[in-house]
Amino acid sequence: MIPILGELKTGTTQRHLIKLPGAALADDEPRPVISVAGAKSGPTLFVNAGVHGGEYPAVEAVIRLGKSLDPKKISGTVILMPVLNLPAFRTRTPFVCPIDNMNPNRVFPGDPTGSYSEQMTYAVINEFVVHADAYIDLHGGDIPEALVPFVICRSQDGLADSKARDVAARSKEIAMAFGLPYVLAVSKPIQPSKGSSSYAAAAEKGVPSILAEAGGVGQMQEDAVELLVKGVVNVMRQLGMLAGVKSQIQSSKSQGKSKSQTKTTIRRAVATGEASSSTLLTKFEWVYTKKAGMWYPKVAPGDFVKEGDQIGTVGDLFGDTLEKIISPVNGVVLFLTINPSVLENGLLMGIGAKQD
Ligand SMILES: [Zn+2]
């Protein structure tokens, strides 16, 4: 089913050490991969973490799934890769791969003749993702980022082809089943770049896929690990790979609830990280500073902001304010840069919103 892993014995968990193809990757240490081949037949789910090397709760969640999933209870096969971007993990490098200084999550589906990150993403897409029936890429805030747990997937907007629309619809079902407070269904790349993100590239290959984020600031937060483990298990139920109640899929948390009730529910969900149903957002607005300096945010992850609100300032090293940072939308702060030192055009936060 996954040729690079060889034959998998049904009803067993196996450990593999995999050399990914690609000339730039020839000297790599092999990457650990765990296969959990269920006793009964069913879909193949591929889960990886460590596309960004400093997102540790995601890495730990994959390790824990490998230790805890019981192949005797599973229909289908789960393939787990704890760390894709091993060079970044080994060197504690946030956002990029230190070999080529590229963000791997901006060059999917990769290029077999490109730089290291392009060959690495090409290999994971072609050796793993395309052989799966669904794909989950686990992330969190990287070392300088805090966030509120959320899932991203490709929305149906702008897709004319009926197969692509179907893949997007199934991606959204998986995203809602995962069970984090927010789901962002987006149609455009978040940052202009050569390639796209894992979930978008996988969807283009016809594989329903999501990117789920929990944890951050370079630490091992137990609640974030548990959320990501539970989320994958929820998706396995949704795909029929595990017995148990499937998560309810709702188009919006606000249905049938008053505005203040909804706000309270979201606040509670944000506090515990657990969502009975996810709030669907359709716009991801990233806020940057123009000038380099010291960053003083006035908001925290999970805070609601209004268009025009002052959400922080950037000052110089004499203590004078260089720039007031203003919210461009009504929405919720999904991630926040928490390190005070920011560069020119530096990323400050991402705000999730609904399309107006
Ligand atoms: Zn990430």
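For the structure itself, consult the block above.
Here the structure is a predicted model, which is why all the values come from computation and not from measurement.

Enquirer: Would you take a moment to explain the coordination of the zinc ion for this structure?
Expert: Around the zinc ion, the protein contributes the donor atoms H52 (ND1), E55 (OE), E55 (OE) and H139 (ND1), at 2.1 to 2.3 Å from the metal centre. For the zinc ion, the 4 donor atoms in the first shell make angles of 57 to 144 degrees at the metal, so the coordination geometry reads as irregular. Each donor residue of the zinc ion lies on the same chain, and together they follow the pattern H-x2-E-x83-H. Just as H52 is buried, E55 falls in that class too.

Enquirer: Please clarify how the nonpolar core should be interpreted in this entry.
Expert: The nonpolar side chains of a soluble globular protein tend to be buried with one another. Grouped together as the largest cluster of nonpolar side chains are 43 residues, with contacts concentrated most on V47, I136, L138, F178, V232 and M236. Top contributing element to this core by residue count: helix α6 (residues 222–238), with 9 residues. Counting 27 residues, the second-largest nonpolar core is a separate cluster that includes I2, F46, V51 and V207.

Enquirer: What should I look at first to understand the sheet that holds strand β12 (residues 293–297) in this one?
Expert: What holds strands together in a sheet is hydrogen bonding between their backbones, with the strands either parallel or antiparallel. The strand order across the open sheet formed by 4 strands is β15-β14-β12-β17, and the pairing between neighbours is antiparallel. In this open sheet, the two edge strands, each paired with only one partner strand, are β15 (321–326) and β17 (341–342). Summarising the sheet, strand β14 (residues 310–315) and β15 pair through 5 bridges and their orientation is antiparallel. Within β15, the residue paired with V314 across the bridge is E323.

Enquirer: Would you mind showing me how to read the pairing of strand β9 (residues 209–213) here?
Expert: Look at any regular strand and the pattern is simple: side chains alternate between the two faces of the sheet. Counting buried residues along β9, 5 of its 5 residues qualify, which places the element largely inside the surrounding structure. The alternating pattern of β9 places S209, L211 and E213 on one face and I210 and A212 on the opposite face, and all of these are buried. As paired strands, strand β5 (residues 134–139) and β9 are joined by 5 bridges and run parallel to one another. The residue bridging Y135 from the neighbouring strand is S209, located in β9. Summarising the sheet, strand β7 (residues 150–154) and β9 pair through 3 bridges and their orientation is antiparallel.

Cut-offs and rules
- The numbering scheme is per chain: residues are counted from 1 as the chain's sequence reads.
- For a predicted model such as this one, the threshold for reporting local features is a pLDDT of at least 70, and the threshold for listing and counting side-chain atom pairs is 80 or more; totals across whole chains, interfaces and linings nevertheless cover every residue.
- Values shown for side chains rest on all heavy atoms present in the structure; no hydrogens or waters enter the calculation.
- Coordinating donors are taken to be N, O and S atoms lying within 2.8 Å of the metal, or within 3.2 Å when the metal is Na, K or Ca; because water is excluded from the atom set, some sites may appear incomplete.
- Only two sets of limits are used to name each site, 85 to 135 degrees for every angle of a tetrahedral four-donor site, and over 155 degrees for opposite donors with all other angles from 65 to 115 for a square planar four-donor or octahedral six-donor site, with any other site named irregular.
- Buried, partly exposed and exposed residues are distinguished by accessible area as a fraction of the type maximum, computed with a 1.4 Å probe on protein chains only: under 20%, between the cut-offs, and over 50%, respectively.
- Only buried Ala, Val, Leu, Ile, Met, Phe, Trp, Tyr and Cys residues count toward a nonpolar core, and they belong to the same one when joined by side-chain atoms within 4.5 Å.
- Helix numbering and strand numbering both begin at the N terminus, where a helix is a DSSP run of H or I of at least 4 residues and a strand a DSSP run of E of at least 2.
- One bridge is not enough; two strands pair if DSSP finds at least two bridges between them.

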